[in-house]
Amino acid sequence: MTEITISSETRRQSANRIQLALLAVLMIGLLIAPFVLYPVFLMKVLCFALFASAFNLLLGFTGLLSFGHAAFFGGAAYFTAHAVKEWGVPPEAGILLGVVGAAFMGLIIGFFAIRRQGIYFAMITLALSQMFFFFCLQSNFTKGEDGLQGVPRGHLLGFIDLSQPLNMYFFVLLVFVVGIFAVWRIVHSPFGMILRSIRENENRAISLGYSVSLYKLSAFVMSAALAGLAGGLKALVFQFATLTDVTWQMSGEVILMTLLGGIGTIFGPILGATFIVTLQNYLSTTGFPVTVITGIIFIICVLLFRRGIVGEFNASRLAAKLGFRSKN
Amino acid sequence: MTDRQSLLSVRGLNAWYDESHILHGVDLEVREGETVTILGRNGMGKTTTLRSIMGILRKRTGAIDFDGKDLMNRPLHHTARAGIGFVPEERGIFATLSVEENLMLPPIVSKNGMSVDEIYELFPNLKERRSSQGTKLSGGEQQMLAMARMLRTGVKMLLLDEPTEGLAPVIVQRIGEILQTLKQRGMTILLVEQNFRFASKISDRFYVMDHGVVTEGFDVAELPARMDTLHEVLGV
Amino acid sequence: MMMIFGIPIQAFLGQLLIGLINGSFYAMLSLGLAIIFGLLRVINFAHGAQYMMGAFVGFLLLSWIGINYWLALLVAPVIVGITGIVIERFALRRLYNLDHLYGLLFTFGLALVIEGGFRYVYGSSGQPYATPDILSGGVNLGFMYLPIYRGWVVVASLIVCIGTWLLIEKTKLGAYLRAATENPTLVQSFGINVPFLLTLTYGLGTALAALAGIMAAPIYQVSPLMGSNLVIVVFAIVVVGGMGSIMGAIVTGYMLGILEGLTKVFYPEASNIVIFVIMAIVLLVRPAGLFGRDV
């Protein structure tokens, strides 16, 4: 017995070492990337990766499927764009306002949604985010179909000119890393443990005396706020905020990214977002219908590939050889 | 008794709920027209045996033959057509169906079934309450309805899971009478029952189950001699 | 001019009629969703796409081989229903043993494929579908002008809804469906082919959506995205009604359609969102829905 414990302990250590090494390679890659690839494309990937990670905090680690996360992502994009363009606030304050706005919306939508579970939760979040979509469609604040165009990126902290692509890229990268770290911290905190116990067995969590509703709502707000961070960032990157980001199709897309990459894993959503954004970028040059491909990937994932890329990898022999612990 | 033909034969039946292995090689035999009771403490696999024979529990190995037909590789909805009716412990009366709709629900599988008139004769209170909601009936009435609806279908054999559970003594007595009537009509019955006294009045033979296997089988004539050991095994 | 609550009565009744028409479609669609959900425990996200398919199949039948409206009312639902049966048989049924959310995600992907595919082939602009001659024109009721086709839609949808309700509440097949909704395993142990019943139910539900689609074709234009926002409104209606009851789905559909119409009279800005607001209120007051049995 002792021997086995030791070997699994060393294996875990080596797994951690491999993971750290991978993380280092990834970081170096992200630092070099803008000199090789289009910064705007990379920034788009990072924004969606952060968005999917925020979404996964809810689906993967709390077990709640929100079908309305576009409201937070696209809503924050509007808030940030409006604050920067109309009020002339600096970019960091604009993003902060976006985050606060998204968190507030998360509080409201979450308040209603957590009254029901499972499939109803999904439908309620979907319906309420659709309500927000209609609000955006009609309101003057969003400029309707046109959206908020020509949003200035401004100067970060007053002296870093974000209109320079590289400056903007490293700012986005920094926010991305901070965001992912926040997700990681939340997941591995005692709070995250309770969220997972809610996911595993809600009734048991209730009988253990946890105020499950409060935990769910907190997770919902945190997820909304992080989705807002991604949305606000995206508004600065592309310098506009439009209706596209608040549609239910967008809510579906982030589900797909997470599902494809691997629900309940840290790297899954990042990988999934990278894949989907790259694919969409490629498809948009071919004239092939993006939604059809997206739908087909969705169907394939649901029918055959529910663990996602990272989940399949963790369950594979290669992962066992490299010493990764397969989760659960 | 022994000259009767075997109707149901179970050999080496293993069954699993998810990962937990419940039945470890159950062997039993029921002959035509017999009433056989499976005795045993809670959690020993009695209900699981019935559910596996019926095919509700799909994770199973071994051999089940009924009336010359192999039941192992048929889908669930073919078991009833082979001639077995199952009355579950929770009775399974449908709330969204009236009493009569509940009664008429199971399809007829052979011509030997009772007519609705005959059933209402046997269960007069069901006739009275034919249009009320199924679950508005009392527990005893629900049990009778659950049995009655299988009688209409013309199945050769009934699997009854604890028909007397939670019922008042006079209702238990009434159910005993009904089972006697069915026996006289030639119905084969496999019963799971905790109520030992009830079972001893109507059964021809007994099996005792312990930890997922059948440990003993004996005729009702041997019952008095075995009372002491049975009390020990069953903890009654 | 006669006024009601400070609004000309013509305008009031006109919006009421529009509300009733929308309500007719809401009722038919939420009815189909409720039937599918009841038995399959699948929220059919593709319902809006299948509604669109009904309209499109009708449109294509007319323009390719001249099949008229009346025949299309029969043929389009059958064709779309068959696609539903194929989908259930080869894909959907593999998800029944999993979390119900996978059914929602699968049908979501399906909706994307169907809507995206039609848009790719036919573009996103609408195609007109002529009102059948016998139903064109209108009658002056004295207090308002009633286009005959719209009157027909209201009557026909009522017939469809009541017919479906009777099918489920009063027939043997309906008894099977109700019983299988409660306890599919037991019903199957009675010797009823429940897997086949599930296939049939999905086919029936999608056929209902297609029927609503072909009925909608002469009113709204036939376009690939005609069902895409509609389906979410219908979701909200289903949450309001609670998915336990067929009659609940029908009544809530009409009720909210009319309410939406009235909102257009009194506070047009809110007409798009009034159903969602009502959903939120119902969630606060009665989380299981107005007619819901489950919590």
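Rules used throughout
Residues numbered from 1 in each chain as written. Chains lettered and ligands numbered in written order. Predicted model: local features only at pLDDT ≥ 70, side-chain atom pairs only at ≥ 80, totals over all residues. Heavy atoms only, no water. Helix = DSSP H or I, 4+ residues; strand = E, 2+ residues; numbered from the N terminus. Buried < 20%, exposed > 50% of the residue type's maximum accessible area, 1.4 Å probe, protein only. Contact = heavy atoms within 4.5 Å. Areas by Shrake-Rupley, 256 points an atom, 1.4 Å probe, with all protein chains shown as cover. Lys, Arg positive; Asp, Glu negative; His and termini not counted. Charge placed at Lys NZ, Arg CZ, Asp CG, Glu CD. UniProt positions renumbered as here; feature names shortened; annotations may be inferred. Expected span 1.5 Å × (residues − 1). Buried area = accessible area lost by both parts, 1.4 Å probe. Salt bridge = Lys/Arg side-chain N within 4 Å of Asp/Glu carboxyl O. Domains from an automatic or database assignment. Polar contact = N/O pair within 3.5 Å; in protein donor to acceptor, adjacent residues only side chain to side chain. Nonpolar A, V, L, I, M, F, W, Y, C, P; charged D, E, K, R; others polar. Phe/Tyr/Trp six-rings, centres within 6.5 Å; stacked < 30°, edge-to-face > 60°. Lys NZ or Arg CZ within 6 Å of the ring centre and 35° of its normal. Core = buried A, V, L, I, M, F, W, Y, C linked by side-chain atoms within 4.5 Å. pLDDT = per-residue confidence, 0-100. Pairing = 2+ DSSP bridges. Axes fitted to C-alpha atoms, helices over the stretch in contact; angles between N-to-C directions. Right-handed = clockwise from strand over helix to strand, strands pointing away. Patch = residues over 30% accessible without salt bridge, like charges linked within 9 Å, V, L, I, M, F, W, Y side chains within 5 Å. Parallel < 35°, antiparallel > 145°, perpendicular 65-115°, else oblique. Left-handed = near helix turned anticlockwise from the far one by under 90°.

Novice: For this particular structure, what's the right way to read the overall build of chain A?
Specialist: From N to C terminus, chain A includes 14 helices and two strands. Counting only C-alpha atoms and orienting by the principal axes, one finds that chain A spans roughly 70 × 50 × 40 Å. When the 328 residues of chain A are sorted by exposure, 55% land in the buried category. Taking as baseline every contact in chain A between residues at least 6 positions apart, the subset at least 24 positions apart corresponds to 75%. Just so you have it, chain A exposes about 14,400 Å², and 67% of that area is on carbon and sulfur atoms. Positive and negative side-chain charges of chain A, numbering 21 and 12 respectively, have mean locations separated by a distance of 10 Å.

Novice: Help me out: how do you make sense of unusual backbone geometry in this one?
Specialist: Excluding glycine, residues mostly have negative phi values, and the peptide bonds linking residues are mostly trans. A positive phi angle, near 65°, is found at A:Q239, a position not held by glycine. Within the secondary structure layout, A:Q239 lies in the loop between α9 (212-238) and α10 (248-261). Even without being a glycine, B:E162 presents a positive backbone phi close to 45°. Tracing the backbone through its elements, the reader meets B:E162 in the loop between β7 (157-161) and α7 (169-184).

Novice: How should the UniProt feature "transmembrane region" (unreviewed entry) in chain C be read in this particular structure?
Specialist: Per the UniProt annotation, the sites labelled "transmembrane region" (unreviewed entry) are residues 12-37, 49-67, 73-92, 101-122, 142-168, 196-220, 232-258 and 270-289 of chain C. With 89% helix and 0% strand, the stretch residues 49-67 of chain C has end C-alpha atoms that lie 22 Å from each other.

Novice: What is the right way to read helix α3 (residues 70-86) of chain A from this model?
Specialist: Side chains three or four residues apart in an α-helix point the same way, a direct result of the helix having 3.6 residues per turn. With 17 residues, α3(A) should cover 24 Å at 1.5 Å per step; its first-to-last C-alpha distance of 23 Å lies within 8% of that length. Most of α3(A) is tucked away: 14 of the 17 residues are buried.

Novice: Where do I start with the interface of chain B and chain C in this structure?
Specialist: Opposite the 22 residues of chain B that make contact, chain C presents 19 residues. Interface area, chain B with chain C, both sides summed: about 1,800 Å², of which 64% is carbon and sulfur. Three residues, B:H77, B:F94 and B:L105, lead the burial of chain B against chain C; their summed loss comes to 32% of the area buried on that side. Between the two partners, chain B and chain C, sit one salt bridge. Across the salt bridge formed by C:R178 and B:E101, the nearest N and O atoms sit 2.8 Å from each other.

Novice: Just to check I follow, could you spell out the domain arrangement of chain A for this structure?
Specialist: In many analyses, interface size is given as the accessible surface area lost on bringing the parts together. All names here are of chain A. Domain boundaries assigned for chain A yield domain 1 (1-36) and domain 2 (39-247). Computed over C-alpha atoms, the centres of domain 1 and domain 2 are 29 Å apart. Counting from both sides, the interface comprises six residues of domain 1 and, opposite them, nine residues of domain 2. Carbon and sulfur atoms supply 87% of the area buried between domain 1 and domain 2, which totals about 580 Å² over both sides.

Novice: Can you walk me through the environment of B:R91 in this structure?
Specialist: Residue and element names in this part refer to chain B. Looking at the secondary structure, you find R91 in the loop between β6 (84-87) and α3 (99-104). Residue classification places R91 among the buried residues on the basis of a relative accessible area of 11%. Note: C-alpha distance between R91 and L167 (76 residues apart in sequence) is 12 Å. Setting aside its immediate chain neighbours within four residues, R91 contacts G139, Q142, Q143, A146, R149, P163, E165 and L167.

Novice: Please clarify how the interface of chain C and chain A should be interpreted in this entry.
Specialist: Taken together, the contact pairs 45 residues of chain C with 38 residues of chain A. Linking chain C with chain A are zero salt bridges. Linking chain C with chain A are six residue pairs in polar contact (both at pLDDT 80 or more). Elements with a contribution of two residues or more to the side of chain C that touches chain A: α4 (100-122), α9 (230-241) and α11 (274-285) of chain C. It is α4(C) that contributes the most residues to the side of chain C that touches chain A, 16 residues altogether. Its residues assigned to classes, the side of chain C that touches chain A comprises 32 nonpolar, eight polar and five charged.

Novice: Can you walk me through the side chain of A:S53 in this structure?
Specialist: Mapped onto the fold, A:S53 is located in helix α2 (residues 39-62). With residues up to four places along the chain from it excluded, the contact list for A:S53 reads A:I180, A:V183, A:P269 and A:I270.

Novice: Got a minute to help me understand the UniProt feature "transmembrane region" (unreviewed entry) in chain A in this structure?
Specialist: Residues and elements named next belong to chain A. Within the UniProt annotation, "transmembrane region" (unreviewed entry) is assigned to residues 20-42, 48-81, 93-113, 119-137, 166-187, 217-242, 254-276 and 282-305. Between the first and last C-alpha atoms of residues 20-42 the distance is 22 Å; the span itself is 74% helix and 0% strand. Each end of residues 48-81 is marked by a C-alpha atom, and these two atoms are 17 Å apart; helix forms 79% of the span and strand 0%.

Novice: Just checking my understanding: could you explain the packing of aromatic side chains for this structure?
Specialist: The description of two aromatic rings rests on the distance between their centres and on the angle between their planes. Summed over all chains, the structure comprises 36 aromatic pairs over all chains. Every member of this aromatic cluster is reached through a ring pair, and the members are A:F67, A:W248, A:F298, C:F45, C:F108 and C:F235. Over the ring of A:Y120 we find A:R116; its NZ or CZ atom is 3.8 Å from the centre of that ring. Its end group placed over the ring of A:F238, A:K234 keeps NZ or CZ at 5.4 Å from the ring centre.

Novice: How do you make sense of the nonpolar core when you look at a structure like this?
Specialist: Side chains of a nonpolar character, in soluble globular proteins, are inclined to be buried together. The biggest cluster of nonpolar side chains holds 261 residues, and the ones touching the most others in it are B:L105, C:F45, C:F106 and C:M215. The contacts of C:F45, once residues within four sequence positions are left out, are A:F67, A:L126, A:W248, C:L104, C:T107, C:F108, C:A111, C:V231 and C:F235. Of all hydrophobic cores here, the second largest spans 30 residues; its members include B:M54, B:I64, B:L71 and B:Y207.

Novice: Which parts of the structure should I look at to understand the confidence of the model for chain A?
Specialist: In regions of low pLDDT, the predicted coordinates are not meant to be interpreted in detail. On average, residues of chain A carry a pLDDT of 87, and 92% of them reach 70 or more. For residues 1-6 of chain A, every residue scores under 50 in pLDDT, and the model assigns this stretch zero contacts once sequence neighbours within four places are set aside.

Novice: When you look at the sheet that holds strand β2 (residues 20-31) of chain B in this model, what are you seeing that I'm missing?
Specialist: Strand-to-strand pairing in sheets goes through backbone hydrogen bonds, with the strands running parallel or antiparallel. Residues and elements named next belong to chain B. Ordered in space as β2-β1-β4-β5, the four strands form an open sheet in which the pairing is antiparallel. Edge positions in the sheet fall to β2 and β5 (69-70), since each has one partner strand and no second. Pairing analysis gives six bridges linking strand β1 (residues 6-17) to strand β4 (residues 60-66), with the strands arranged antiparallel. Bridging from a neighbouring strand, L8 pairs with F66 of β4. Here helix α1 (residues 46-54) sits on the sheet in contact with β1, β2 and β4, set at roughly 110° to β1.

Novice: Is there a simple way to explain the sheet that holds strand β9 (residues 205-210) of chain B in this structure?
Specialist: Residues and elements named next belong to chain B. Judged by pairing direction, the sheet is mixed, and its six strands sit side by side in the order β6-β7-β8-β3-β9-β10 without closing on themselves. A strand with exactly one partner marks an edge of an open sheet, and here the two such strands are β6 and β10 (213-219). On average, each strand axis in the sheet is inclined to that of its neighbour by 15°, with strand direction left out of account. Where β7 meets strand β8 (residues 188-192), five bridges bridge the pair, whose relative direction is parallel. Note that in β8 the partner of L158 across the bridge is I189. Those strands touched by α1 are β3 (35-39), β6, β7, β8 and β9, and its axis lies near 145° from that of β7.

Novice: In this structure, what is going on with the pairing of β8(B)? I would like to understand it.
Specialist: Where a strand is regular, its side chains alternate between the two sheet faces. Residue and element names in this part refer to chain B. Taking burial as the measure, the five residues of β8 include five buried ones, the bulk of the element. Side chains T188, L190 and V192 project from β8 onto one buried face, and the interleaved I189 and L191 project onto a second face that is buried too. In the sheet, β3 pairs with β8 via four bridges, with the strands oriented parallel. Within β8, the position partnered with V36 by the bridge is L190. Taken together, β7, α7 and β8 constitute a β-α-β crossover, and its handedness is right-handed.

Novice: What am I meant to see in a nonpolar patch on the surface here?
Specialist: All names here are of chain A. On the surface, a nonpolar cluster with roughly 740 Å² of combined accessible area is contributed by I28, L31, I32, F35, V36, L37, L166 and F170. Within the residue set of the nonpolar patch, elements represented by two or more residues are α1 (2-32) and α6 (165-187). On the secondary structure map, F170 appears in helix α6. F170 sits in the partly exposed class, given a relative accessible area of 31%.

Novice: What is the right way to read the packing of helix α7 (residues 190-200) of chain A against α9(A) from this model?
Specialist: A packed helix pair is summarised by two numbers, namely the angle formed by the two axes and the spacing between the axes. All names here are of chain A. One can describe the packing of α7 onto α9 by two numbers: an axis separation of 10 Å at closest approach and a directional angle of 110°. In terms of their interaxial angle, α7 and α9 are classed as roughly perpendicular. Classified by chirality, the crossing of α9 by α7 is left-handed. Where α7 abuts α9, its residues F191, I194, L195 and I198 lie against V212, Y215, K216, S218, A219 and M222. Across the contact of α7 with α9, the residue classes break down as eight nonpolar, one polar and one charged.

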